[in-house]
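Residue-level listing of the chains:
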There are 2 protein chains.
Amino acid sequence: MCGGIGSRFWPYSRANRPKQFIDFLGTGRSLLQMSYDRILPLVAPENIIVVTNEQYAPMVAEQLPDIPDSNILLEPARRNTAPCVAWAAYHVLARDPEASLIVTPSDHLITRDREFEDSVTRGFEFVETHEALLTLGIQPTRPETGYGYIQVGEQVEPGIRKVKTFTEKPDLELAKVFVASGEFFWNSGIFLWKAATVVEAFRQLCPDVATVFDKGAGLYATDKEAKFITENFPGCMSISVDYAIMEKASNVYVEIVNFGWNDLGTWSALYDNSPKNRDANVTQRCSVLAYNSSGNIFAVNGQKLIVVSGLHDYIIADAGDVLLVCPMAEEQRIKQMVTDAKIAFGDRYQ
Amino acid sequence: MCGGIGSRFWPYSRANRPKQFIDFLGTGRSLLQMSYDRILPLVAPENIIVVTNEQYAPMVAEQLPDIPDSNILLEPARRNTAPCVAWAAYHVLARDPEASLIVTPSDHLITRDREFEDSVTRGFEFVETHEALLTLGIQPTRPETGYGYIQVGEQVEPGIRKVKTFTEKPDLELAKVFVASGEFFWNSGIFLWKAATVVEAFRQLCPDVATVFDKGAGLYATDKEAKFITENFPGCMSISVDYAIMEKASNVYVEIVNFGWNDLGTWSALYDNSPKNRDANVTQRCSVLAYNSSGNIFAVNGQKLIVVSGLHDYIIADAGDVLLVCPMAEEQRIKQMVTDAKIAFGDRYQ
């Protein structure tokens, strides 16, 4: 899944070059490329499918040259994750009625690739032998308030449990209770299932979406697919896969995993996951002269020199035509700033 | 005089495009052009001479197309103001032995052009009838610690007094005493004199410099002048015109003027002289979305959007390849930052 616009990281992440296409951690590979690298030991390139917005097609092709063009599914409209997941499932089902899928965001950080590989292998074994919707639940390491949690029930196999409930982001007190209980795990948004299982789940639990895609029977994975999608995809409701099926289904399971996961959903998450210099500043691909300044994250496109004095715990993000200087504690206001910029200047700085 | 590099305004002012060439006040004219416009009612373009560093020749020619190329005197080395002033005087003397000059920086602000014109006209009358070195002393309006002061003696003609002493920049207490006394005026660095008078002053008071230029007798204002300067100008000592002659001469006078002068020598001076929005922010040619931010100056080349939150009394200066975010109270540290940048990165960001 590669169609998001990453507006929480505006202006470093922009509508025309979102977060997943950026070398966010300065490793030389974009988050999308890191996701691809991670999945490659498990899935051959010809079976890796990227669902993205049609405007990002050239960037996907450029960053993942080994994937066939026909594996890049281009959404003509933004409809959240459920239509994205459904389309991929219908497409894969047409190519192989027995196929299993792993569905993963392309903009997350995973630090322990080997454990990821082992976890996914274990997950595939489970969904290939059960009619299950399997989500990966992350062993929590702190009372994080930025994530959704999954409460688990009985263990059905080693490491795999029934899901009792999905919960929204908790406040800090509740998050502490969750972590202490041992019953709650972070909801990673990474799913495994057989294509046939999830298509059936859509038909049962989200017929609004399934009806749209059922109309395309016989067209998936053919040269008529693109035209069908252009005409019908925009008619899908916009809804997340969690709301559409996961929270309603009875055959939902969670595999407990612990592979160094972070959704990189906020500047502070990026800050926490980045190497820091002795003043606890994080520098992204720019040169920084910092005087009396600490705890900042500098995210700048290109080889720019940043000179700061007297800044503590700020985001300094420069994207060429937009500069943001904002306390990290106010990062939740950035989405409003993007909206304000749209009101004031139209699409120019989006 | 147009050869400075304006390093106190780095990175907005850069070695390759200093302050005087920038539309510093957002009026559509650079400070150099504003200086030219101001002098034009008094001096015909063919008599306006620009002394600048040779690297700025193309910018002068572009910004002042009505000045003959032969009036742009190109210094092959930086030697402070005395060699600059001396060369111009020798050059003018060769063109017209009776000529009077006004010598003015090209990067100051003067808000009342009509009063400037009247003051300069009055000054020319004085120096054309006296063997005098005349400096313009500004009626102080506040106990400014950023300027040198001139203590005046007896009045010799209405509005013109003998100079008693030049003083360095005072501390605040002393500056208050100066202003209250009525005897002290700001040293504007604008001078009037006959070419013959100032050349004679150099010969008497700064023979090191005069000796260099006397060697060029017969070459000024000819096609041999440039070669002579290339070979001999770098041999001049580096010294200001104040030290070289003004503080030593006995025939120094001051004309008291009051035409809305500011040397724009600091970011705070620029801030004070710029229009402010309702949050007391000053914006230079960029779009700004400011949240909980006041008292800042935003100086940005180009049509960039700046979004800030939680910044008060900062300089935010962006020059494309360099960004500076610095409390205005620390502006005196900027020169050190420029030096640090040179140590770390060579000339790249100078």
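Predicted model only: the values in this text are computed from it and were never measured.

Criteria and thresholds
- Residues numbered from 1 in each chain as written.
- Chains lettered and ligands numbered in written order.
- Predicted model: local features only at pLDDT ≥ 70, side-chain atom pairs only at ≥ 80, totals over all residues.
- Heavy atoms only, no water.
- Least-squares fit on C-alpha atoms with pLDDT ≥ 70 in both.
- Contact = heavy atoms within 4.5 Å.
- Buried < 20%, exposed > 50% of the residue type's maximum accessible area, 1.4 Å probe, protein only.
- Helix = DSSP H or I, 4+ residues; strand = E, 2+ residues; numbered from the N terminus.
- Arc of directions from axis to C-beta.
- Phe/Tyr/Trp six-rings, centres within 6.5 Å; stacked < 30°, edge-to-face > 60°.
- Salt bridge = Lys/Arg side-chain N within 4 Å of Asp/Glu carboxyl O.
- Polar contact = N/O pair within 3.5 Å; in protein donor to acceptor, adjacent residues only side chain to side chain.
- Pairing = 2+ DSSP bridges.
- Axes fitted to C-alpha atoms, helices over the stretch in contact; angles between N-to-C directions.
- Buried area = accessible area lost by both parts, 1.4 Å probe.
- Nonpolar A, V, L, I, M, F, W, Y, C, P; charged D, E, K, R; others polar.

Chemist: Just to check I follow, could you spell out the relation of the copies chain B and chain A for this structure?
Modeler: Related by rotation about an axis and a shift along that axis, the two copies of the chain form a pair. Expressed as a screw transformation, the operator carrying chain B onto chain A has a rotation angle of 180 degrees and an axial translation of 0.0 Å, and the superposed copies differ by an RMSD of 0.0 Å. Such a turn and shift between the copies fits a two-fold axis. Across chain B, the rotation axis passes nearest the C-alpha of B:Gly320, at a separation of 3.7 Å. Of all interface residues in chain B, 100% are interface residues in chain A too; the two copies therefore contact each other through one and the same surface.

Chemist: Got a minute to help me understand helix α7 (residues 207-214) of chain A in this structure?
Modeler: Every α-helix carries 3.6 residues per turn, so stepping three or four residues along brings you back to the same face. All names here are of chain A. Along α7, the residues classified as buried are Val209, Ala210, Val212 and Phe213. Take α7 and look down its axis: the buried residues cluster within an arc of 155 degrees, on one side only. Check the buried side of α7 and you find it contacts α3 (81-95), α6 (195-205) and α8 (225-232).

Chemist: How should the packing of aromatic side chains be read in this particular structure?
Modeler: Aromatic ring pairs: the centre-centre distance and the angle between the two ring planes describe each pair. All names here are of chain B. Across all of its chains, the model carries 38 aromatic pairs over all chains by this definition. Taking 4.8 Å as the distance between ring centres and 90 degrees as the angle between the ring planes, the aromatic pair formed by Phe9 and Phe24 counts as edge-to-face. You can see Phe9 sitting in the segment before α1 (31-39) and its partner Phe24 sitting in the segment before α1, a full 15 residues away along the chain. A residue is classified by how much of its surface remains accessible, and Phe9, at 1% relative accessible area, is buried. Exposure remark for Phe24: the relative accessible area of 0% places this residue in the buried category.

Chemist: For this particular structure, what's the right way to read the pattern of salt bridges?
Modeler: Side chains bearing opposite charge may pair, as long as their charged atoms lie close to each other. The final tally for this structure, using the stated rule, is 34 salt bridges over all chains. Of the charged contacts in the structure, one is a salt bridge between B:Arg14 and B:Asp321, with a shortest N-O distance of 2.9 Å. You can see B:Arg14 sitting in the segment before α1 and its partner B:Asp321 sitting in the loop between β15 (314-318) and β16 (322-327), a full 307 residues away along the chain. Among the salt bridges present, the one from B:Lys19 reaches B:Asp107, with a minimum N-O distance of 3.3 Å. Of this pair, B:Lys19 sits in the segment before α1 while B:Asp107 sits in the loop between β3 (100-103) and β4 (109-110); the two residues are 88 residues apart in sequence, bridging distant segments of the chain. The structure contains a network of salt bridges with shared partners spanning A:Lys304, A:Asp318, B:Lys304 and B:Asp318.

Chemist: Which parts of the structure should I look at to understand the environment of B:Thr81?
Modeler: All names here are of chain B. Residue position: Thr81 is located in helix α3 (residues 81-95). On the basis of relative accessible area, Thr81 is assigned to the partly exposed category, the value being 24%. Each C-alpha atom of the pair Thr81 and Thr197 lies 17 Å from the other, and the pair is 116 residues apart in sequence. A distance of 2.8 Å separates the side chain of Thr81 from the backbone nitrogen of Val241, its partner in a polar contact.

Chemist: What is the right way to read the sheet that holds strand β13 (residues 297-300) of chain A from this model?
Modeler: Within a sheet, each strand pairs with its neighbour through backbone hydrogen bonds, oriented either parallel or antiparallel. The six strands are arranged β11(A)-β13(A)-β15(A)-β16(A)-β14(B)-β12(B) in an open sheet whose pairing can be described as mixed. Unpaired on one side and paired on the other, β11 (282-284) of chain A together with β12 (287-291) of chain B mark the two borders of the sheet. Sheet twist, expressed as the average angle between the axes of neighbouring strands with direction ignored, equals 5 degrees. Relative to strand β16 (residues 322-327) of chain A, strand β15 (residues 314-318) of chain A runs antiparallel, the two sharing five bridges.

Chemist: Quick question: what am I supposed to make of α8(A) here?
Modeler: All names here are of chain A. Residues of α8 that are buried include every one of Glu225, Phe228, Ile229 and Asn232, and no others. Angular distribution of buried residues about the axis of α8 spans 100 degrees; they occupy a single face of the element. Of the residues in α8, the exposed ones pointing more than 90 degrees away from the buried face are Ala226, Lys227 and Glu231. Packed against the buried residues of α8 are β2 (72-75), α3 and α7.

Chemist: Which parts of the structure should I look at to understand the side chain of B:Ser119?
Modeler: Residue and element names in this part refer to chain B. Counting through the fold element by element, Ser119 comes out in helix α4 (residues 113-129). Its relative accessible area of 12% is what places Ser119 among the buried residues. Polar side-chain contacts of Ser119 include one of 2.8 Å to the backbone oxygen of Glu115.

Chemist: How do you make sense of the interface of chain B and chain A when you look at a structure like this?
Modeler: Listed by partner, the interface residues are 33 residues for chain B and 33 residues for chain A. Carbon and sulfur atoms make up 59% of the area that chain B and chain A hide from each other, which totals about 2,700 Å². Our count for the chain B to chain A interface comes out at two salt bridges. Note that B:Asp318 is salt-bridged to A:Lys304, the shortest N-O span being 2.6 Å. Summed over the shared surface of chain B and chain A, the number is 24 residue pairs in polar contact (both at pLDDT 80 or more). Take the side of chain B that touches chain A: its biggest share by element is six residues, from β16(B). By residue class, the composition of the side of chain B that touches chain A is 20 nonpolar, six polar and seven charged. One ladder, built from four bridges, connects strand β14 (residues 305-309) of chain A with β16(B); its direction is parallel.

Chemist: Would you mind showing me how to read the environment of B:Ala89 here?
Modeler: Residues and elements named next belong to chain B. Assignment of secondary structure puts Ala89 in helix α3. Of the residues examined, Ala89 reaches a relative accessible area of 0% and is grouped as buried. Along the primary structure Ala89 and Glu131 are separated by 42 residues, whereas in three dimensions their C-alpha atoms are 15 Å apart. Those residues within four positions of Ala89 in sequence are excluded, and the remaining contacts are Leu101, Ala195, Val198 and Val199.

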